[in-house]
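# What the coordinates show
What follows is the residue order along each chain.
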Amino acid sequence: CYTQGISRERHWGYDPTLAPGEQMAGGVSAPYNRGHQVANADRRVSNLANDQISYYSNMTAQRSNFNSGVWAALEGRVRGWMCADTLYVVTGCYYATTSTTTTDKSGMVCPIPTNYFKVLLRTVSGNTGKRIKDCSASELKSIGFWVEQKSYGDIEPPRSICMSVAEIEDKTGFTFFPQVPEEVKQQNNPSQWAL
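Presented here is an overview of the structure given in this document. (Residues numbered from 1 in each chain as written. Predicted model: local features only at pLDDT ≥ 70, side-chain atom pairs only at ≥ 80, totals over all residues. Heavy atoms only, no water.)

## Points about the environment of K130
Mapping K130 onto the fold places it in the loop between β6 (115-123) and β7 (140-148). Filtering out sequence-adjacent residues up to four positions away, K130 remains in contact with D85, C135 and E139. Looking at K130, its side chain comes within polar contact range of the side chain of E139, at 2.9 Å. (Helix = DSSP H or I, 4+ residues; strand = E, 2+ residues; numbered from the N terminus. Contact = heavy atoms within 4.5 Å. Polar contact = N/O pair within 3.5 Å; in protein donor to acceptor, adjacent residues only side chain to side chain.)

Take a look at the structure:
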């Protein structure tokens, strides 16, 4: 949801709910930059919501060419899938190893994520007016994206990063959309998402 008059000015700072040592402090060393988990363009409903995306707790060290390349393209695609019904999006990072690191502006060592993921869920039509829990499996669609942190070049998200939500659950150990039938979380149909 976008509201007129919301500032896009960024107010970088510590998340007041976490200790400074539990979050990145400002920028990181090149070739990495502050990679938002929730993108600035996704939180335009209020100035407070926009400010919260600039908390350091929303940052991970992302390669500049990854952040402004395939990851930015995927974020743009996800915004294009918004609908009258709710589009649920969970974004996160994954560390296959924590041996690759960089330092933030305070000198704190920050591990570099090896992968990023998004899992999405919404109604197929986008305008049922129903809550997810009131929908049948045939009324729902889901997809996941598992993206290695590397340079893909200036490309649109390739189908090779598409996975089912269930596969990303297996990789991360997290459970997403627990009230949704398993058959929905097994879907991996990029064509249904215009990919």
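Still more to cover.
## Side note on the environment of Y95
In this structure, Y95 sits in the loop between β3 (88-94) and β4 (101-103). Look at Y95 and you get partly exposed, because its relative accessible area is 32%. Residues Y95 and L120 lie 25 residues apart in sequence; the distance between their C-alpha atoms is 21 Å. With sequence-adjacent residues up to four places away left out, Y95 is seen in contact with T60, P111, I112, P113 and T114. (Buried < 20%, exposed > 50% of the residue type's maximum accessible area, 1.4 Å probe, protein only.)

## Digging into helix α4 (residues 165-172)
Along α4, the residues classified as buried are V165, A166, I168, E169 and T172. Burial along α4 is one-sided: seen end-on, the buried residues are contained in an arc of 160 degrees. Those residues of α4 hidden inside the fold are in contact with β3, β6, β7, β8 (162-163) and α5 (182-185). Note on α4: the residue one or two positions beyond its end, G173, has a positive phi of about 85 degrees. (Arc of directions from axis to C-beta.)

## A word on the sheet that holds β3
The four strands lie next to each other as β3-β6-β7-β8, forming an open sheet whose pairing is antiparallel. The sheet terminates laterally at β3 and β8, the two strands that pair on one side only. Here β7 runs beside β8; their pairing, made up of two bridges, is antiparallel. Directly across from G144, in β8, lies its bridge partner M163. Against the sheet, helix α3 (residues 70-80) touches β3, β6 and β7, its axis set at about 10 degrees to β6. (Pairing = 2+ DSSP bridges. Axes fitted to C-alpha atoms, helices over the stretch in contact; angles between N-to-C directions.)

## Quick notes on the side chain of D15
Following the sequence through the fold, D15 ends up in the segment before β1 (32-36). A residue is classified by how much of its surface remains accessible, and D15, at 11% relative accessible area, is buried. Polar contacts involving the side chain of D15 include one to the side chain of S57, which spans 2.6 Å. Those residues in contact with D15 that lie beyond four places of it in its chain are Q23, Y55, Y56 and S57.

## Re the packing of aromatic side chains
The tally for this structure, following the rule as stated, stands at 11 aromatic pairs. Seen in terms of ring centroids, F117 and F176 are 5.8 Å apart; in terms of plane orientation they differ by 55 degrees. Their pairing is tilted. In this pair, F117 sits in strand β6 while F176 sits in the loop between α4 and α5, placing the two residues 59 residues apart along the sequence. Every member of this aromatic cluster is reached through a ring pair, and the members are Y94, F117, W146, F174, F176 and F177. We note R34 situated over the ring of W12; from NZ or CZ to the ring centre the distance is 3.7 Å. A cation over a ring is seen here: K150 above Y152, with NZ or CZ 5.0 Å from the ring centre. (Phe/Tyr/Trp six-rings, centres within 6.5 Å; stacked < 30°, edge-to-face > 60°. Lys NZ or Arg CZ within 6 Å of the ring centre and 35° of its normal.)

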